[in-house]
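Here is how the chains run, residue by residue.
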Amino acid sequence: MAAPLWKTQAQREQERALKREAVLRAAARAFSEQGFHRTSLDDVAERLNVTKPTIYHYVRSKDEILFECVRIGLERLDSASAQAEAQRGRGRGLERLIVLWTEYARIVTEDFGRCLILVGEDPLPAETRKELRALKGKIDKRFRGLIEQGIADGSIQPCDPKLLAFAAAGALSWIARWHDSAGSLPVDEIARQTIGFFVNGIGANGAGAGNARHAGSM
């Protein structure tokens, strides 16, 4: 049977969505490597081997591209945190937190996640930043909620949930700045070891706890 001569509306929409994602992904890589202000739409077009006018078929401006790249990165983190939250009652708080932290490390080493960490929403207009920061706040709230659940079920020792959430997110986010996809350690192994520092501490034979208390009194 011969293939249809004309594409259906659904096929055209799917093709457009795929091409738009390709534009966003190329831009996310360029922003992460060169910086937002030093990247032009000509640079993005060159990476895709298309003309600049072609880019405008899929996006209206460089600001819109950055907004979408950051939004996609945040929505992936939001989805991961929502899934961890939904597993309440199917595991202790620490176990679900480790799963979420591992997924966090994976996301921030992908194109949109790296753009979120390395560029973020700061170059965007104030109203646009407000929308993205509201999403960040929701994700942070879920992080703290998992920590609080772990404290309540005894799988996490009593601590300041806000401080632990900020410390862990900072450490995991920083992976995006130094991770080399061609390096010897895969992302999951980097995540495992980094998370292990939080879960197990670094002091041998319990020495770390006493030293931490001493440092806190200085």
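First, a word on scope: everything that follows refers to the structure included in this document.

Reading guide: rules and limits
- Throughout this document, residue positions are counted from 1 along each chain, in the order its sequence is written.
- Only residues with pLDDT of at least 70 are given local features in this predicted model, and only at 80 or more are side-chain atom pairs given and counted; all residues enter the totals for whole chains, interfaces and linings.
- Water and hydrogen atoms play no part in the side-chain values, which are based on all heavy atoms of the structure.
- Only DSSP runs of H or I with at least four residues qualify as helices, and only runs of E with at least two residues qualify as strands; both kinds are numbered from the N terminus onward.
- For the exposure calls, accessible area comes from a 1.4 Å probe over protein chains only, and a residue counts as buried if that area is under 20% of its type's maximum, exposed if over 50%, partly exposed in between.
- Throughout, a residue-residue contact means that at least one pair of heavy atoms, one from each residue, lies within 4.5 Å.
- Every accessible area reported is derived by Shrake-Rupley at a probe size of 1.4 Å, with residue values counting cover from the shown protein chains alone.
- Here a salt bridge means any side-chain nitrogen of Lys or Arg lying within 4 Å of a carboxyl oxygen belonging to Asp or Glu.

## Here's the deal with the overall build of the chain
Here is step 1: Each helix and strand in the chain was counted, giving 10 helices and zero strands.
Here is step 2: Ordering the α and β elements of the chain from the N terminus gives α-α-α-α-α-α-α-α-α-α.
Here is step 3: Over its C-alpha atoms, taken along the principal directions, the chain stretches across nearly 70 × 45 × 40 Å.
Here is step 4: Taking all 218 residues of the chain together, the buried fraction comes to 37%.
Here is step 5: Of the contacts formed within the chain by residues at least 6 apart in sequence, a portion of 67% connects residues at least 24 apart.
Here is step 6: On the chain, roughly 13,200 Å² of surface is accessible, and the fraction owed to carbon and sulfur atoms is 53%.

## Quick look at the environment of Tyr58
Here is step 1: Turning to its location among the elements, Tyr58 is positioned in the loop between helix H3 (52-55) and helix H4 (62-86).
Here is step 2: Take Tyr58: its relative accessible area is 16%, and that puts it in the buried class.
Here is step 3: Put simply, Tyr58 and Ala171 are 113 residues apart on the chain and 35 Å apart in space, counted from C-alpha to C-alpha.
Here is step 4: Setting aside residues up to four positions removed in sequence, Tyr58 forms contacts with Arg16, Lys19, Arg20 and Val23.

## Considerations on the pattern of salt bridges
Here is step 1: Under the definition given, this model contains 21 salt bridges.
Here is step 2: Lys19 is the salt-bridge partner of Glu15, the closest N and O atoms lying 3.8 Å from each other. On the criterion of helical spacing, the pair formed by Glu15 and Lys19 is a turn pair, its members being four residues apart in helix H1 (residues 9-34).
Here is step 3: With relative accessibility at 40%, the residue Lys19 sits in the partly exposed group.
Here is step 4: Note that Arg142 is salt-bridged to Asp78, the shortest N-O span being 2.4 Å. One end of the pair, Arg142, is in helix H7 (residues 126-153); the other, Asp78, is in helix H4, with 64 residues separating them in the sequence.
Here is step 5: It is possible to trace a salt-bridge network through shared partners that takes in Arg20, Arg60, Glu64, Glu68, Arg71 and Glu75.

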